[in-house]
Amino acid sequence: MNGEKAMQVIREAIPCLTDRLEAPKGLPLEKQVDMFRKMCLAREFDTKVRTLWMEGAIYGLAHSYVGAEAIAVGACAALEDGDLITSTHRGHGHTLAKGADIKAMMAELHGKYEGLNRGKGGSMHIADVDIGMLGATGIVGSGMPIALGSALSAKVLNNGKVTVCFHGDGGTNQGVWHESINMAAAWDLPAIFLIENNQYAIATEIGWVAKETNLYKRAIGYGIEGVQIDGFDIFKVYKAVKAAAAKARSGGGPTLIEARFVRLLGHFVADDQWYRDMEKAELFWMVEPIVRMKDYFIKNGLLKAEEVDQIQAEAIAEIADAIHYAQNMCSEPPESILYDDIYANGEIIV
């Protein structure tokens, strides 16, 4: 496929695709570099998780966030420390971007006692409430009411906190999706509903189940603002979330953001993607977020190529260290904690 045809395919899937990255005015280079570093960490984390799952080293199913790193990192970089997020079954990138300890994350996926949730959450239910990551959820769309409750509490307490609800295009046809947005809109709650529209719900293309595939337009029905952005552009994500958070904090209510991109890998780590045109799917590696940010740094003279390579090398080493920690320095959860954490107050029913 020639270059012109390839870009036509890409733009048909991502009509809001930006031609080049452009950092928001006033965003320090130091923060831009940190955002790139976190994207590299998230990429390497999930790249290794796929291998670890294939080897039987980690428990449960795992879903890769490869290619979506700009959304989690860009959004979380735009938030304040006290803000909160809810996640999906594909939550590693969100957890890392919010600031979770990477070693504890890797230990959690290995089912170890030293994990974020003492080995009980694993990949699909990982959480770190202390940093405002309220948890990944295995049921499609089930993060919506959690985010709604979080935003409601912020309004009642008047604490200025904003909640971002990350969810996929597959969740937008769930009843709870509509109910949550409607309530948040009616009560002007400080919530941001961020659709990670990777255009596939498992093996179902969004166009098979929605006549209008520009999902941000659904905001009109709830009387709130809806925006569509290039989900491969970290700065577009940052700016959209920054603006939505400022509006929410000032009492302006929720925003629906559709971050449009294309899933680079399968639905889960062993998905053979029989349902996709793989020639077309491979094209999107040309515009994925890490490639684009590397190009941005080098072409604008902000970093040298070797400096960019060093950041990536350090991310690879950090994830390798986390794997070593999980596999060689952590312990299995003791039987004595089996019934712990069932209830918030520690009570159990035997």
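Everything here concerns the structure above.
Everything in this summary refers to the structure shown in the same document. Given the structure is predicted, the values throughout are model-derived calculations rather than measurements. By convention here, each chain's residues receive numbers from 1 onward along its written sequence. With pLDDT at 70 or above as the cut-off, local features in this predicted model cover only qualifying residues; side-chain atom pairs require 80 or more to be listed or tallied, and sums for whole chains, interfaces and linings still use all residues. Hydrogens and water are ignored here; the side-chain numbers use all heavy atoms of the structure.

## Structural notes on the sheet that holds strand β1 (residues 84–86)
As a reminder of what qualifies: By the convention used here, strands pair only if DSSP detects at least 2 bridges between them. Numbering of helices and strands starts at the N terminus; helices are DSSP runs of H or I of at least 4 residues and strands are runs of E of at least 2. Where helices are involved, their axes are fitted lines through C-alpha atoms of the stretch in contact, as for all axes, and angles between N-to-C directions lie from 0 to 180°. Here a residue-residue contact requires only that any non-hydrogen atoms of the pair lie within 4.5 Å.
With respect to topology, five strands assemble into an open sheet ordered β1-β2-β3-β7-β6, the strand pairing being parallel. Only two strands of the sheet have a single partner each, and these edge strands are β1 and β6 (225–230). On average, adjacent strands in this sheet sit at an angle of 20 degrees to one another, irrespective of strand direction. Where β6 and strand β7 (residues 255–260) come together, six bridges link them in parallel fashion. Note on β7: the bridge partner recorded for Val-227 is Ile-257. The sheet contacts of helix α6 (residues 143–157) involve β1, β2 (163–168) and β3 (191–197), and relative to β2 the element is tilted by about 170 degrees.

## With respect to the nonpolar core
Test applied: Working definition of a nonpolar core: buried Ala, Val, Leu, Ile, Met, Phe, Trp, Tyr and Cys residues. They are joined through side-chain atoms within 4.5 Å. In this scheme, a residue with accessible area under 20% of its type's maximum is buried, one over 50% is exposed, and one in between is partly exposed, where area comes from a 1.4 Å probe on protein chains only.
Membership of the largest hydrophobic core comes to 83 residues, with the highest contact counts inside it found for Phe-36, Phe-45, Leu-194, Val-241, Phe-284 and Met-293. Discounting chain neighbours no more than four positions away, the residues touching Phe-45 are His-92, Leu-96, Ile-102, Met-105, Met-106, Leu-109 and Ile-319. Membership of the second largest hydrophobic core comes to 19 residues, among which are Leu-148, Ile-206, Leu-215 and Leu-256.

## A word on helix α11 (residues 289–299)
Note the following rule: The directions considered for the arc are those from the helix axis to the C-beta atoms. Two N or O atoms form a polar contact when they lie within 3.5 Å of each other; inside protein one atom must be a possible hydrogen donor and the other a possible acceptor, and for residues adjacent in sequence the pair counts only when both atoms belong to side chains.
Taken together, the buried positions of α11 are Pro-289, Ile-290, Arg-292, Met-293, Tyr-296 and Phe-297. Around the axis of α11, the buried residues are gathered within 160 degrees of arc, so they sit on the same side. Near the N-terminus of α11, the side chain that reaches the backbone nitrogen of Ile-290, with its oxygen 2.8 Å away, is that of Glu-288. Looking one or two places after α11, you find Gly-301, whose phi comes out positive at around 65 degrees.

## Things to note about the packing of helix α2 (residues 29–54) against helix α9 (residues 234–249)
Quick note on the threshold: Angles are sorted into four bins: roughly parallel if under 35 degrees, roughly antiparallel if over 145, roughly perpendicular if 65 to 115, and oblique for all others. Each crossing gets its hand from how the near helix is turned against the far one by less than a right angle, where anticlockwise is left-handed and clockwise is right-handed. Residue polarity is assigned by list, with Asp, Glu, Lys and Arg as charged and Ala, Val, Leu, Ile, Met, Phe, Trp, Tyr, Cys and Pro as nonpolar; anything else, Gly included, falls into the polar class.
Where α2 contacts α9, the axes come no closer than 12 Å and their chain directions differ by 110 degrees. By the angle between their directions, the pair α2 and α9 is classed as roughly perpendicular. Like other packed secondary-structure pairs, α2 and α9 cross with a definite hand, here right-handed. Seen from α2, the contacting residues are Lys-31, Gln-32, Met-35 and Met-39; seen from α9, they are Ile-234, Phe-235 and Tyr-238. Of the residues that constitute the contact of α2 with α9, the class distribution is five nonpolar, one polar and one charged.

## Focus on the state of the cysteines
Note the threshold: The definition used for a disulfide is geometric: two cysteine sulfur atoms within 2.5 Å.
In total, this model carries zero disulfides according to the counting rule given. Cys-16 forms no disulfide, and the closest cysteine sulfur to it belongs to Cys-165, at a distance of 20 Å. The thiol of Cys-165 is not disulfide-bonded; the next cysteine sulfur, from Cys-76, is found 12 Å away. Of the residues examined, Cys-165 reaches a relative accessible area of 1% and is grouped as buried.

## Focus on the environment of Glu-335
As for its placement among the helices and strands, Glu-335 is situated in the segment after α12 (305–328). Residue Glu-335 is classed as exposed on the basis of its relative accessible area of 78%. Residues Glu-335 and Leu-61 lie 274 residues apart in sequence; the distance between their C-alpha atoms is 23 Å.

## Re the packing of aromatic side chains
Definition in use: Put simply, two rings from Phe, Tyr or Trp (the six-membered ring, in Trp's case) pair if the centres are within 6.5 Å, and we call them stacked under 30 degrees between planes, edge-to-face over 60, tilted for the rest.
Tallied over the full model, the rule gives seven aromatic pairs. Plain terms: the ring middles of Trp-177 and Tyr-222 are 6.5 Å apart, the flat faces sit at 75 degrees to each other, and that makes the pair edge-to-face. With a gap of 45 residues between them, Trp-177 in helix α7 (residues 175–186) and Tyr-222 in the loop between α8 (206–209) and β6 connect regions that are remote in the sequence. Ring centres 5.2 Å apart and planes at 70 degrees place the aromatic pair Phe-235 and Tyr-296 in the edge-to-face group. One end of the pair, Phe-235, is in helix α9; the other, Tyr-296, is in helix α11, and 61 residues separate them in sequence. Each member of the pair, Phe-235 as well as Tyr-296, is classed as buried. Put simply, the rings of Phe-36, Phe-235, Tyr-296 and Phe-297 pair up and form one aromatic cluster.

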